[in-house]
Amino acid sequence: MDERVPVLDLTLATDEVRDEVEAGWSSAIDDGQFVGGSAVGDFEREWAAYCGATEAVSVANGTDALTLTLRALGIGRGCEVILPANTFIATAAAVVLAGATPRFADVDPETLLLTADTVSRRITPRTRAVIVVHLYGQPADVDSISSLAIAAGLVVIEDAAQAHGARWRGSRVGSLGIAGCFSFYPGKTLGAFGDGGAVVTSNPALARELRALRNHGRPSGGSHHGHVVVGTNSRLDTLQAVVLSTKLRHLDKWIAARREIVHRYHTELEDAPIRPVTVAPGAWAAPHLAVVQVPDRRRAMAILDEEGIDTAVHYPVPCHLQPAYRRFADRALPTSEAAARHVLSLPLFPHMSSVQVDRVCAALKRIGREAVIGVGL
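As recorded in an unreviewed UniProt entry, the protein goes by the name DegT/DnrJ/EryC1/StrS family aminotransferase, listed as coming from Pseudonocardia lutea.

Structure, rendered in structure tokens:
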């Protein structure tokens, strides 16, 4: 029997960069700098340049990137932050950890992303920020949301944890709001060999505040024993910086491979009862997940499983219906709630073989055939 097709396999990507990473780690070990040091500074400069920003501040993970950005902007107790209900829970957690109140908004039924319209319905006198999530690697319409936000006196923060390298009207995500927040969790499009994150910005004052907050409140260039704000320990370690700089050199090639696989899927889905999540006009996606919406997810997953293909669901429960966040839910959000019942993630990683992609496509055709004759879907 053929081996199963996994949703994600990092083995071949790791093998591709192994020699470069080991050489970089050897240099770091010789230098003896394991927190901070030249490797971290090099990666920060490289990542800022890649994103089209002037500054990058590395942190321990993507959740900290969001939380510390909110804190650095003075957004906390008494403030509300608008965010989509259809996102990974870390977006909501960051708002609460910063002391602010999440105000969940619904999403567009085709893109499953925030729009200016869904944001406008949630603005109150206490609203201070909007977190725009570029979910699945698909950029949201930041232009329209930013125009609305500026008129309302709000700042726009990008949660780009799933959108490394994606572009909105030619500009890379992360450079479109006051700050762009990234995760480098191993499964991300640009992933470390452990946890990591970063904030990119072209606001020097914000970058200075973030550098202090991530390092126990120490200002850059100040005394090791001087703490000017209440900070935390959220630093990217040197060995992960080496991994990220190495992988960054391969990132555009890997994104191209992901885009080609998703294109193949979409081609097979033209006559099937499965709708790929729509990429908004003006967006250039860098797919992190290959997400579709299916009428009967259980049956579709069963068919794929029978064909030896693994699937996943991102995400089965919208944030406002999670037990920890129900106290912030003040209304139904029907599009997010419907999406949670119908979204399905297909296998996607840049080193998928043509045979693996062919098998997924054949299974998608089977789903379409069964729907035509009225079986299951």
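Colleague: Any chance you could explain the environment of Thr-14 here in plain terms?
Modeller: Within the element layout of this structure, Thr-14 appears in helix α1 (residues 11-31). Sequence separation between Thr-14 and Phe-193 is 179 residues, and the spatial gap between their C-alpha atoms is 9.0 Å.

Colleague: What exactly am I supposed to notice about the packing of α1 against helix α8 (residues 238-248) here?
Modeller: One can describe the packing of α1 onto α8 by two numbers: an axis separation of 9 Å at closest approach and a directional angle of 145 degrees. The interaxial crossing formed by α1 with α8 has right-handed handedness. Side by side, α1 and α8 meet where Val-17, Glu-20, Val-21, Gly-24, Trp-25 and Ala-28 of the first sit next to Thr-238, Leu-239, Val-242, Val-243, Thr-246 and Lys-247 of the second. Broken down by class, the residue content of the contact of α1 with α8 amounts to seven nonpolar, three polar and two charged.

Colleague: Would you mind showing me how to read the packing of helix α3 (residues 62-72) against helix α4 (residues 89-97) here?
Modeller: The relative placement of two packed helices is expressed as an angle between their axes plus a distance between the axes. Packing of α3 against α4 leaves a shortest axis separation of 8 Å and a crossing angle of 35 degrees. Like other packed secondary-structure pairs, α3 and α4 cross with a definite hand, here right-handed. For the pair α3 and α4, the contacting residues are Thr-63, Leu-66, Thr-67 and Leu-70 in the first and Ala-90, Thr-91, Ala-94, Val-95 and Leu-97 in the second. Residue composition of the contact of α3 with α4, by class: six nonpolar, three polar and no charged.

Colleague: Before we go on, may I ask you to explain the pairing of strand β12 (residues 290-293) in this structure?
Modeller: Consecutive side chains of a regular strand alternate in pointing toward one face of the sheet and then the other. Across the two faces of β12 the burial is the same, with Ala-290 and Val-292 and Val-291 and Gln-293 all buried. Where strand β10 (residues 275-276) and β12 come together, two bridges link them in antiparallel fashion. Considered in β12, the bridge of Arg-275 is made with Gln-293. Where β12 meets strand β13 (residues 343-346), four bridges bridge the pair, whose relative direction is antiparallel. Bridge pairing in β13 places Ala-290 opposite Leu-346.

Colleague: Explain the side chain of Glu-44 here, please?
Modeller: Mapped onto the fold, Glu-44 is located in helix α2 (residues 38-51). Of the polar contacts made by the side chain of Glu-44, one reaches the side chain of Ser-58; its length is 2.8 Å. Once residues lying within four places of it in the same chain are set aside, the contact partners of Glu-44 are Ala-56, Val-57, Ser-58 and Arg-214.

Colleague: Could you clarify how one ought to interpret the sheet that holds β13 in this entry?
Modeller: Strand pairing in a sheet is mediated by backbone hydrogen bonds. Such pairs are either parallel or antiparallel. One open sheet accounts for three strands, arranged β10-β12-β13; its pairing is antiparallel. For this open sheet the edge positions go to β10 and β13, each flanked by a neighbour on one side alone. Together, β12 and β13 form the strand contacts of helix α11 (residues 334-342), whose direction differs from that of β13 by roughly 45 degrees.

Colleague: Explanation requested: the nonpolar core in the structure shown.
Modeller: The tendency in soluble globular proteins is for nonpolar side chains to be buried side by side. Core analysis: the largest hydrophobic core is formed by 57 residues, its most contacted members being Leu-70, Val-81, Phe-104, Val-130, Ile-131 and Tyr-136. Residue contacts for Val-130: discarding those within four places in its chain leaves Ile-82, Leu-114, Val-119, Ile-145, Leu-154, Val-155, Val-156 and Ile-157. Grouped together as the second largest cluster of nonpolar side chains are 27 residues, Ala-160, Ala-198, Leu-236 and Ile-255 included.

Colleague: Even after reading the chapter, I still don't get a nonpolar patch on the surface, so can you show me in this structure?
Modeller: Side chains of Ile-29, Phe-34 and Val-35 sit close together on the surface and give an oily, nonpolar patch of about 290 Å² of accessible area. Summarising the element assignment, Ile-29 is placed in helix α1.

Colleague: Where do I start with the packing of aromatic side chains in this structure?
Modeller: Pairs of aromatic rings are described using the distance from one ring centre to the other and the angle between the two planes. Overall, the coordinates contain eight aromatic pairs when judged by the stated rule. Ring geometry for Trp-47 versus Phe-182: centroids 5.0 Å apart, planes at 85 degrees, classification edge-to-face. Pair noted here: Trp-47 is in helix α2 and Phe-182 is in strand β8 (residues 179-183), with a separation of 135 residues, a long-range link. On the basis of relative accessible area, Trp-47 is assigned to the buried category, the value being 0%. Here Tyr-325 and Phe-328 contribute two aromatic rings whose centre-to-centre distance is 6.4 Å and whose plane-to-plane angle is 40 degrees, an arrangement assigned as tilted. On the basis of relative accessibility, which here comes to 11%, the residue Tyr-325 falls in the buried class. Taken together, the aromatic side chains of Phe-43, Trp-47, Tyr-50, Phe-182 and Phe-184 make up a single cluster linked through ring pairs. In this structure, Arg-167 packs its charged tip against the face of Trp-284, placed 4.2 Å from the ring centre.

Rules used in this analysis
- Residues numbered from 1 in each chain as written.
- Predicted model: local features only at pLDDT ≥ 70, side-chain atom pairs only at ≥ 80, totals over all residues.
- Heavy atoms only, no water.
- Helix = DSSP H or I, 4+ residues; strand = E, 2+ residues; numbered from the N terminus.
- Axes fitted to C-alpha atoms, helices over the stretch in contact; angles between N-to-C directions.
- Left-handed = near helix turned anticlockwise from the far one by under 90°.
- Contact = heavy atoms within 4.5 Å.
- Nonpolar A, V, L, I, M, F, W, Y, C, P; charged D, E, K, R; others polar.
- Buried < 20%, exposed > 50% of the residue type's maximum accessible area, 1.4 Å probe, protein only.
- Pairing = 2+ DSSP bridges.
- Polar contact = N/O pair within 3.5 Å; in protein donor to acceptor, adjacent residues only side chain to side chain.
- Core = buried A, V, L, I, M, F, W, Y, C linked by side-chain atoms within 4.5 Å.
- Patch = residues over 30% accessible without salt bridge, like charges linked within 9 Å, V, L, I, M, F, W, Y side chains within 5 Å.
- Areas by Shrake-Rupley, 256 points an atom, 1.4 Å probe, with all protein chains shown as cover.
- Salt bridge = Lys/Arg side-chain N within 4 Å of Asp/Glu carboxyl O.
- Phe/Tyr/Trp six-rings, centres within 6.5 Å; stacked < 30°, edge-to-face > 60°.
- Lys NZ or Arg CZ within 6 Å of the ring centre and 35° of its normal.

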